[in-house]
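Structural description and commentary
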Amino acid sequence: IHTVGLWSQKGNLHSYPTDCPQREKGAYNGDGQVIAETSMHDFHMASFYTKWVNDMKDAQQDNGRIPNTSPVLVGGMGGGVAWGSAYILIPWWMYHYYNDTRILAEHYSNMKQYVAYLQELGSKDEDPGEPYIIDFFDGYWYSLGEWCVPGQRECPIRGVVNTFYYFNNCVLLSEIASTLGYDEDSRYYRNLSDTIKEHFIRRFFNEESGLFGTEEAYQTYQLVALVGDLIPDGYRDKVFETVTNDIRARETHLNTGIIGTKYLWPVLVQGGENQLAYEVATQTTYPSYGFWLENGSTTFPEDWDARASLNHQMFGTVTEYFYKFLGGIQSPMEGETTVGYKDILIKPYIPDGLTSVSATIETVSGNIVSNWSKEGNTLFHEVHIPANSRATLSLPISNNEVRLSESNQEIWSRNSFIEGIPGLHEMQIEGNRMIIKLGSGKYNFKVEQIPHSLNE
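Quantities reported herein were computed from a predicted structural model and do not represent experimental measurements. (Residues numbered from 1 in each chain as written. Predicted model: local features only at pLDDT ≥ 70, side-chain atom pairs only at ≥ 80, totals over all residues. Heavy atoms only, no water.)

A look at the nonpolar core
A general trend in soluble globular proteins is that nonpolar side chains are found buried together. Where we set the bar: Only buried Ala, Val, Leu, Ile, Met, Phe, Trp, Tyr and Cys residues count toward a nonpolar core, and they belong to the same one when joined by side-chain atoms within 4.5 Å. Only protein chains enter the calculation, and the probe is 1.4 Å; a residue is then buried if its accessible area is under 20% of its type maximum, exposed if over 50%, and partly exposed in between. Counting from the N terminus, the helices are DSSP H or I runs at least four residues long and the strands are E runs at least two residues long. Residue contacts are defined here by distance: any two heavy atoms, one from each residue, within 4.5 Å place the two residues in contact.
Core analysis: the largest hydrophobic core is formed by 133 residues, its most contacted members being Ile90, Ile259, Trp265, Ile436, Leu438 and Phe445. When residues in this core are grouped by element, the largest group, twelve residues, is from helix H8 (residues 158–180). Setting aside chain neighbours within four positions, we find Ile436 in contact with Ala391, Thr392, Leu393, Leu395, Leu404, Leu424, Glu426, Met427 and Phe445.

Considering the sheet that holds strand S14 (residues 416–417)
Applied cut-off: A pair of strands is treated as paired once DSSP finds two or more bridges between them.
Within the open sheet, the seven strands sit side by side as S8-S9-S10-S17-S12-S13-S14. Their pairing is antiparallel. Since the sheet does not close on itself, it has two edges, and those belong to strand S8 (356–363) and S14, each with one partner. Note: strand S13 (residues 409–413) against S14, two bridges, orientation antiparallel. If you follow Ser413 over to S14, its bridge partner there is Ser416.

A word on the packing of aromatic side chains
Here is the rule we go by: Pairing of aromatic side chains requires ring centres within 6.5 Å, counting the rings of Phe and Tyr and the six-membered ring of Trp. Pairs whose planes differ by under 30 degrees are stacked, by over 60 edge-to-face, and all others tilted. Over a ring means this: the NZ of a Lys or the CZ of an Arg is within 6 Å of the ring centre and within 35 degrees of the ring normal.
For the structure shown, the criterion picks out 28 aromatic pairs. Relative to Trp52, the ring of Tyr49 lies with its centre 6.4 Å away and its plane at 35 degrees, an arrangement referred to as tilted. Of this pair, Tyr49 and Trp52 both sit in helix H4 (residues 46–59), three residues apart, roughly one helical turn. Across the pair, exposure class does not vary: Tyr49 and Trp52 are buried alike. Ring pairing ties together the aromatic residues Phe200, Phe204, Phe205, Phe212 and Tyr235, which thus form one cluster. In this arrangement the basic side chain of Arg158 is found over the ring face of Tyr140, its NZ or CZ atom lying 4.5 Å from the centre.

A few points about the pattern of salt bridges
Condition: What counts as a salt bridge is simple: a side-chain nitrogen of Lys or Arg found within 4 Å of a carboxyl oxygen of Asp or Glu.
This structure, assessed with the given rule, holds 22 salt bridges. A salt bridge links Arg190 to Glu175, with the shortest nitrogen-to-oxygen separation between them at 3.1 Å. You can see Arg190 sitting in helix H9 (residues 183–204) and its partner Glu175 sitting in helix H8, a full 15 residues away along the chain. Given the relative accessible area of 31%, Arg190 is considered partly exposed.

A look at the environment of Gly78
Here Gly78 shows up in the loop between H4 and helix H5 (81–84). Beyond its immediate stretch of four places on either side in the chain, Gly78 contacts Tyr28, Asn68, Trp83, Trp141 and Leu144.

Brief notes about the pairing of strand S9 (residues 366–375)
One ladder, built from eight bridges, connects S8 with S9; its direction is antiparallel. Looking at the pairing, Val357 lines up with Trp372 of S9. Taking the residues that link successive antiparallel strands as the turn, the S8-S9 hairpin has two residues. Bridging between S9 and strand S10 (residues 378–385) involves seven bridges; their strand directions are antiparallel. Looking across to S10, one finds that Ser370 is bridged to Val383.

Section: the side chain of Asp19
The following threshold applies: Charge counting treats Lys and Arg as positive and Asp and Glu as negative, with His and both chain ends excluded. We define a polar contact as two N or O atoms separated by no more than 3.5 Å, with the added condition that, inside protein, one atom must be a possible hydrogen donor and the other a possible acceptor, whereas residues neighbouring each other in sequence contribute only through side-chain atom pairs.
Within the secondary structure layout, Asp19 lies in the loop between strand S2 (16–17) and helix H2 (29–34). Notably, Asp19 is buried but unbridged: the nearest opposite-charge side chain belongs to Arg23, and the N-O separation is 4.6 Å. A polar atom in the side chain of Asp19 sits 3.3 Å from the backbone nitrogen of Lys25. Dropping the residues within four chain positions of it, Asp19 is found in contact with Asn12, Glu24, Lys25, Gly26, Tyr28, Asp31, Asn311, His312 and Gln313.

Things to note about the packing of helix H6 (residues 86–98) against helix H7 (residues 102–121)
Relative orientation and spacing of two packed helices are given, respectively, by the angle between their axes and the distance between those axes. The line we're drawing: The angle between two axes is taken between their N-to-C directions and runs from 0 to 180 degrees, where each axis is a line fitted to C-alpha atoms and a helix contributes only its stretch in contact. For this classification, under 35 degrees means roughly parallel, over 145 means roughly antiparallel, 65 to 115 means roughly perpendicular, and everything else is oblique. Should the near helix be turned anticlockwise from the far one by less than a right angle, the crossing is termed left-handed; should it be turned clockwise, right-handed.
At a closest axis distance of 10 Å, the pairing of H6 and H7 adopts a crossing angle of 155 degrees. When the axis of H6 is compared with that of H7, the two are roughly antiparallel. The two elements H6 and H7 cross, and the hand of that crossing is left-handed. Where H6 approaches H7, its residues Tyr87, Ile88, Pro91, Trp92, Met94 and Tyr95 are matched on the opposing element by Ile103, Leu104, His107, Asn110, Met111, Tyr114 and Val115.

Details of the sheet that holds strand S7 (residues 343–346)
Strand order in the open sheet made by the four strands is S7-S11-S16-S15, with mixed pairing throughout. Of all strands in the sheet, those with a lone pairing partner are S7 and strand S15 (424–430), marking the two edges. Strand after strand, the sheet turns through a mean of 15 degrees between neighbouring axes, direction not considered. Relative to strand S11 (residues 390–396), S7 runs parallel, the two sharing four bridges. When the sheet's bridge partners are listed, Ile344 is paired in S11 with Ala391.

Laid out in structure tokens, this is it:
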């Protein structure tokens with residue numbers, strides 16, 4: 001799957017991210033933004049995205065709108081709020097991955113113009129009486145919500161996805177303003193996001209079913225609500241269960257398009273369903289990545305039945321799950337790795353059925369490596385932390401009776417830390433995890449789980 005994702009990206013990275021290399025060949029902002037974090041893991045994207053964000057600025061219209069393609073593709077304008085939101089999302093990600101505040105400063109005033117356009121759009125769509133909800137507007141191709149769910153192109157109620165991105169843009173613009181020292185702006189956009197959230201819940205949420213917008217579970221709507229925390233107090237577990245229940249009812253298959261698929265993996269893993277995430281990722285029947293591969297795909301198709309374009313990169317976001325959760329090298333976007341990877345969290349989630357992972361990321365701080373393999377009750381884990389960075393390593397354990405060594409030297413036994421290895425500062429057990437504080441360097445850990453009978 002990762003190899004196919006690399007081929008799909010390479011075929012669509014030519015001066016800007018194209019949707020496909022054989023048809024429109026256009027810089028569709030929606031396709032480009034959903035895959036952006038994946039590309040930042042796979043390639044050196046700083047200069048590429050600096051150029052593309054400038055294209056968005058150049059394409060911005062007088063009313064603040066960011067066109068659905070940047071540069072503008074005449075005759076190919078499909079997209080919606082999720083497409084224009086690339087102008088805020090990608091600089092925000094670049095700040096975190098590359099420690100780049102310059103791109104925030106250079107585009108800040110134009111970002112404000114884009115959010116002002118969204119504010120006005122809420123009063124000019126099909127329901128102008130609800131100004132904090134962005135419904136259908138400007139015709140079919142200009143206000144797309146989700147795209148390419150199995151068996152259908154467009155989603156039933158566009159306002160859920162459109163308004164999620166409106167809300168998310170305001171949250172991020174508040175954070176950007178705070179980062180740049182514009183405290184008054186920061187408070188304004190935070191208050192605006194709070195108001196949008198209130199109206200979003202009032203308009204779309206059904207307390208009895210736990211569903212947003214529809215009477216039957218539509219996975220993408222549930223996922224964006226979970227990602228944005230657009231959920232009333234006390235209902236998060238109920239909303240999360242609608243996703244997992246629907247996946248299981250579909251015999252462990254996803255039912256998401258390009259937007260929901262990006263958010264599916266972190267929602268499942270962080271909600272405690274890593275095994276389910278792995279089973280969805282390794283499915284081989286329709287709709288799934290394995291279905292594509294078993295039918296001869298060497299790049300990702302545009303839709304799950306592979307009847308349209310056969311080279312679109314937008315579904316490659318599954319590889320973020322490989323890097324961030326299977327390999328465990330969490331990015332700055334998960335909240336515990338800091339900007340520019342100076343303080344790193346490495347937290348692999350190890351599902352049943354997978355025996356090894358090798359993951360390397362070239363960051364602005366240096367190469368980070370997380371390679372693990374599992375043999376019975378023993379876990380081997382090679383970790384590289386770049387110079388002038390430090391890390392927290394969180395390894396899964398089944399019980400507290402564990403022996404841990406580094407390069408064949410014992411460092412944990414009988415529930416106590418054995419000091420003496422340079423770079424190892426602290427160790428402790430928290431629940432079903434062994435937590436290790438590391439300095440820069442290369443480490444080879446061996447975790448042996450001791451059966452209770454032997455301990456007794």
